[in-house]
Amino acid sequence: MFKMGKSMKYRIEKSRKNKKYQWSILFLFLLIIITFSVIFLKYDIREIFECIQEVNYLWLGLGILMIFLYIYFEGVAMRQIFKTMEIQTTRRSNFMYSAIDYYFCAVTPSASGGQPMVAYYMSKDGLSLSHISLTLLMNTALFKIILLVLSIICICICPQYVFDFPIMTILFFIGLAINLILISMCFLAAFKRNWIQAVGIRLILFLARHRIIKKKIQIIRRFVNLMEKYEQGAHLIFKHKFHFLKALLYNLLQRISFFSISYFVYLAFKDRFVIADLTYLDLFSIQVLIALCVDSLPLPGGVGISEYLYALLFGLVYCVGEVNVIGSAMLLTRAVNFYIPLILTFLLVLIKHVKILKKSSKGVV
C-alpha cells in the first residue's frame with residue numbers, strides 16, 4: 001500500500017493551514033463589512049467624518065505610538081524568557097515576532113493563529129522548536145495573568161462599567177471564568193503535573209470512547225508533551241526569577257500601552273468638543289473590561305462585538321446634552337487600536353516573509 005513521505009505530509013498539512021488562515025481572513029473582512037454597514041446605518045456618515053476632521057491629531061498620533069510600544073514590550077518580554085534558556089535574540093527580531101503574533105491573532109478566531117505562525121517564523125530563524133514552544137507558552141501565561149489582574153482591579157474601581165449593562169455583566173463573568181480556569185490549569189500543570197495529566201488522559205479516553213474525538217494516541221502524546229513544557233517552565237521560573245519578573249513587568253507595560261489608547265482618543269475629542277469630564281482611569285478601565293469580555297469569544301479581533309461594546313460604554317463619555325460624537329469616537333478608537341495596527345503588522349509580516357523567500361531561494365541556488 002502506498003505511504004506518503006514526510007515531505008508530502010508536510011505539504012498537505014501546510015496547505016490545510018493556509019486554507020484555514022485564508023478562511024479566517026475572509027471571515028474577518030466579512031465581519032468588518034457587516035460592522036461598518038451597521039455603523040453607517042445607525043450614524044450619519046457625513047457627521048462622523050466632519051467630527052474626525054476636527055479632532056486633535058497630535059493626541060491620535062500618541063495613541064498610534066502606544067501600538068508600537070505594545071508590540072515592542074511583547075518582544076522584549078519574549079527576549080527575557082529566551083535569556084532563561086541562554087538563548088540570545090535581538091530586539092529587532094523579537095519586535096518582528098511580536099508584530100507577527102499581533103497580526104495572526106487579529107485575523108484568526110480566539111487569537112488561535114498567533115502562536116503557530118510565530119513558531120514558524122522563529123524556526124526559520126534557526127531557533128529550536130522546544131525553546132520556541134516553551135517561550136510562547138510562558139509568555140502567553142504571563143499575558144493572561146496581567147489581563148486577569150488588571151480586570152479585577154478595574155471592576156473594583158469602576159464597577160459601573162460592567163454592572164450597569166447586562167451584556168457587559170454576562171460577557172465579563174464568562175471571560176473571567178475562562179481566564180481563571182486557564183490560569184489555574186497552567187499553575188497546576190506547572191507545579192502539580194501528575195494531577196492534571198491523570199485527569200486530562202482520562203478525559204481524552206472518555207471523549208474517544210464516545211467518538212467525540214479521534215486519534216486519541218496522538219492527542220495524549222501532545223497533551224503529555226504540553227504538561228512537560230509547563231513543568232519545564234516552572235523549573236525555569238524558580239531558576240531565573242529575575243528574568244521572569246522582568247518579563248512580567250514588560251507584559252504589564254505592554255498591556256498598559258494598549259489600554260491607554262482610548263484615553264488619547266478621548267483627549268483628541270476633548271480638545272474640540274464638550275464631552276464628559278472623565279479621568280485616565282475611567283478610559284483605561286473601559287478598555288480593560290471590554291478586552292476581557294471579548295478575549296475568549298471566537299471572533300477574529302473581536303470585530304463586531306468590540307465595536308458594539310465601545311459604542312455602549314462610550315455613550316457615557318461622548319454623549320453630553322446635544323453633543324453626540326459616539327460614532328466618530330468609537331470608529332477612531334477601533335481604528336487606532338485595531339485597524340491601523342492590523343495594516344502595519346500585515347506589512348511587517350509581508351517583509352519578513354519576502355526575506356525568508358529570498359533566503360531560501362539563495363539556499364537552493
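Quick caveat, the model's predicted, so the values are computed rather than measured.

For this particular structure, what's the right way to read the pattern of salt bridges?
It is possible for side chains bearing opposite charge to pair when their charged atoms get close. Counted according to the given criterion, the structure contains 3 salt bridges. Measuring nitrogen to oxygen at the nearest pair gives 2.8 Å for the salt bridge that ties Lys 352 to Asp 125. Of the two residues, Lys 352 sits in helix H15 (residues 326-364) while Asp 125 sits in the loop between helix H5 (114-124) and helix H6 (129-157), which places them 227 residues apart along the sequence. According to the relative accessible area criterion, Lys 352 is buried, its value standing at 11%. A salt bridge links Lys 270 to Asp 277; the shortest N-O distance between them is 3.5 Å.

Help me out: how do you make sense of the environment of Val 118 in this one?
Its location among the elements puts Val 118 in helix H5. A relative accessible area of 1% places Val 118 in the buried class. When the C-alpha positions of Val 118 and Ala 99 are compared, they lie 9.1 Å apart, and in sequence the two are 19 residues distant. Excluding anything up to four places from it in sequence, Val 118 contacts Tyr 97, Ile 100, Asp 101 and Leu 136.

How do you make sense of the nonpolar core when you look at a structure like this?
As a rule of thumb, soluble globular proteins bury nonpolar side chains together. Within the largest apolar cluster, 104 residues are counted, with the highest numbers of intra-cluster contacts made by Met 122, Met 168, Phe 269, Phe 314 and Tyr 318. Looking at this core, the element that brings in the most residues is H6, giving 13 residues. Met 122 has contacts with Met 78, Phe 82, Tyr 97, Leu 127, Ile 132 and Leu 136, leaving out every residue within four places of it along the chain.

Explanation requested: the confidence of the model for the chain in the structure shown.
Atom-level detail of predicted coordinates should not be read off regions where pLDDT is low. In this model, the chain carries a mean pLDDT of 79, and residues with pLDDT of at least 70 account for 81%. Per-element confidence in the chain ranges from a low mean pLDDT of 57 for helix H1 (residues 6-42) to a high of 91 for helix H7 (residues 160-163). Below a pLDDT of 50 lies the segment residues 1-10, which in the model reaches 3 contacts outside its immediate sequence neighbourhood of four places, other chains included.

Looking at this structure, how should I read the layout of surface pockets?
In this approach a probe as big as a water molecule rolls over the atoms, and the regions it shows empty are the leftover space. Estimated volume of the second largest pocket: approximately 290 Å³. Forming the walls of the second largest pocket are 16 residues, and the residues nearest its centre are Leu 142, Ile 145, Phe 187, Ile 237 and Phe 244. Split by residue class, the lining of the second largest pocket holds 14 nonpolar, 1 polar and 1 charged.

Would you explain the packing of aromatic side chains in this entry?
Aromatic ring pairs are defined here through the distance separating the ring centres and the angle between the ring planes. Summed over the entire model, instances satisfying the criterion amount to 18 aromatic pairs. Arranged with centres 5.5 Å apart and planes meeting at 65 degrees, the rings of Tyr 72 and Phe 73 form a pair that is edge-to-face. The class for Tyr 72 is partly exposed, based on a relative accessible area of 32%. Since its relative accessible area comes to 14%, Phe 73 is described here as buried.

How should a nonpolar patch on the surface be read in this particular structure?
Residues Leu 65, Phe 68, Ile 343, Leu 344, Phe 346, Leu 347, Leu 350 and Val 354 make up a contiguous nonpolar surface patch of roughly 660 Å² in combined accessible area. The element contributing the most residues to the nonpolar patch is H15, with 6 residues. When you line up the elements, Ile 343 lands in helix H15. With a relative accessible area of 53%, Ile 343 lands in the exposed category.

What am I meant to see in the side chain of Asn 251 here?
Locating Asn 251 in the fold gives a position in helix H11 (residues 241-259). Those residues in contact with Asn 251, other than ones at most four positions away along the chain, are Ala 77, Asn 139, Leu 142, Phe 143 and Ile 146.

Just to check I follow, could you spell out the environment of Ala 77 for this structure?
Of note, Ala 77 is situated in helix H3 (residues 57-84). Residue classification places Ala 77 among the buried residues on the basis of a relative accessible area of 0%. A sequence separation of 17 residues divides Ala 77 from Asn 94, and the C-alpha atoms of the two residues are 8.8 Å apart. Apart from residues no more than four positions distant in its own chain, Ala 77 is found in contact with Asn 139, Ala 247, Tyr 250 and Asn 251.

What should I look at first to understand empty space enclosed by the protein in this one?
This model, assessed by the stated rule, comprises 1 cavity of 30 Å³ or more. For the largest cavity, the calculated volume is near 40 Å³. As for the largest cavity, its lining consists of Ile 67, Phe 68, Ile 71, Pro 341, Leu 344, Thr 345 and Leu 348. For the lining of the largest cavity, the secondary-structure elements that each account for two or more residues are H3 and H15. For the lining of the largest cavity, the leading source of residues is H15, giving 4 residues.

Explain the side chain of Thr 345 to me, please; I cannot follow it from the model alone.
Topologically, Thr 345 is positioned in helix H15. Here the side chain of Thr 345 touches Leu 342 through a polar contact of 3.2 Å, landing on its backbone oxygen. Beyond its immediate chain neighbours, meaning those up to four positions away, Thr 345 contacts Ile 71, Ala 99, Tyr 102 and Tyr 103.

Any chance you could explain the packing of H6 against helix H10 (residues 216-239) here in plain terms?
Packed helix pairs are specified by the crossing angle of their axes together with the interaxial distance, meaning the distance between the axes. Between H6 and H10, whose axes approach to 10 Å, the crossing angle comes to 75 degrees. Accordingly, the angle class assigned to the pair H6 and H10 is roughly perpendicular. On H10, the residues touching Ser 130, Ser 133, Leu 134, Leu 137 and Met 138 of H6 are Leu 226, Lys 229, Tyr 230, Gln 232, Gly 233, Leu 236 and Ile 237. Here the residues of the contact of H6 with H10 sort into 7 nonpolar, 4 polar and 1 charged.

Cut-offs and rules
- Residues numbered from 1 in each chain as written.
- Predicted model: local features only at pLDDT ≥ 70, side-chain atom pairs only at ≥ 80, totals over all residues.
- Heavy atoms only, no water.
- Salt bridge = Lys/Arg side-chain N within 4 Å of Asp/Glu carboxyl O.
- Helix = DSSP H or I, 4+ residues; strand = E, 2+ residues; numbered from the N terminus.
- Buried < 20%, exposed > 50% of the residue type's maximum accessible area, 1.4 Å probe, protein only.
- Contact = heavy atoms within 4.5 Å.
- Core = buried A, V, L, I, M, F, W, Y, C linked by side-chain atoms within 4.5 Å.
- pLDDT = per-residue confidence, 0-100.
- 1 Å grid on protein atoms, 1.4 Å probe; cavity = no way out; pocket = protein on both sides within 12 Å on 5 of 7 lines; lining within 4 Å.
- Points joined across faces, edges and corners; volume = space filled by probe spheres on them.
- Nonpolar A, V, L, I, M, F, W, Y, C, P; charged D, E, K, R; others polar.
- Phe/Tyr/Trp six-rings, centres within 6.5 Å; stacked < 30°, edge-to-face > 60°.
- Patch = residues over 30% accessible without salt bridge, like charges linked within 9 Å, V, L, I, M, F, W, Y side chains within 5 Å.
- Areas by Shrake-Rupley, 256 points an atom, 1.4 Å probe, with all protein chains shown as cover.
- Polar contact = N/O pair within 3.5 Å; in protein donor to acceptor, adjacent residues only side chain to side chain.
- Axes fitted to C-alpha atoms, helices over the stretch in contact; angles between N-to-C directions.
- Parallel < 35°, antiparallel > 145°, perpendicular 65-115°, else oblique.

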